[in-house]
Amino acid sequence: MALFKKRTVGKPGEWYYCLEHKKVEEGPDCPGKDRFGPYTTRAEAEHAMETARERNLQWENDPKWHDATARGEDEG
């Protein structure tokens, strides 16, 4: 008996962006490792990669993530 069952049918209104197929899917058709989501609308899922790029830029430019400790430099 498996501990975790793969959900084969998604809920209506759950949208995902599949990284493997580079397309929007309603319901989780692909494994979790290959998708972003869930999103509440198809439009949000369609912009998943753009959203990820924007968040990456924010993170890369956040001074709290680029302190000496994070770079592995000694503080003293």
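Residues numbered from 1 in each chain as written. Predicted model: local features only at pLDDT ≥ 70, side-chain atom pairs only at ≥ 80, totals over all residues. Heavy atoms only, no water.

Novice: Give me the nonpolar core: which residues, what numbers.
Specialist: As a rule of thumb, soluble globular proteins bury nonpolar side chains together. Judged by nonpolar contacts, Trp-15, Tyr-17, Val-24, Tyr-39, Ala-45 and Ala-48 together constitute the single largest core of six residues. When sequence neighbours within four positions are dropped, the list of residues in contact with Val-24 reads Trp-15, Tyr-16, Tyr-17, Arg-42, Ala-45 and Glu-46. (Core = buried A, V, L, I, M, F, W, Y, C linked by side-chain atoms within 4.5 Å. Buried < 20%, exposed > 50% of the residue type's maximum accessible area, 1.4 Å probe, protein only. Contact = heavy atoms within 4.5 Å.)

Novice: Could you give me a rundown of the pattern of salt bridges, with the residues and numbers involved?
Specialist: All chains considered together, the criterion is met by two salt bridges. Here Asp-34 and Lys-33 are joined by a salt bridge, their closest N and O atoms 3.3 Å apart. Accessibility expressed as a relative area gives 14% for Asp-34, which makes it buried. Arg-42 is the salt-bridge partner of Glu-46, the closest N and O atoms lying 3.2 Å from each other. Residue Glu-46 and its partner Arg-42 are located together in helix H1 (residues 42-46), separated by four residues, close to a single helical turn. (Salt bridge = Lys/Arg side-chain N within 4 Å of Asp/Glu carboxyl O. Helix = DSSP H or I, 4+ residues; strand = E, 2+ residues; numbered from the N terminus.)

Novice: Tell me about the environment of Phe-36, and name the residues and values.
Specialist: Summarising the element assignment, Phe-36 is placed in strand S3 (residues 35-39). For Phe-36, a relative accessible area of 29% puts it in the partly exposed group. Setting aside residues up to four positions removed in sequence, Phe-36 forms contacts with Tyr-16, Tyr-17, Leu-19, Ala-48, Met-49 and Ala-52.

Novice: Quick rundown of the state of the cysteines? Include the residues and the values.
Specialist: Across all of its chains, the model carries zero disulfides by this definition. Looking at the unpaired Cys-30, the closest cysteine sulfur is the one in Cys-18, lying at 3.4 Å. (Disulfide = S-S within 2.5 Å.)

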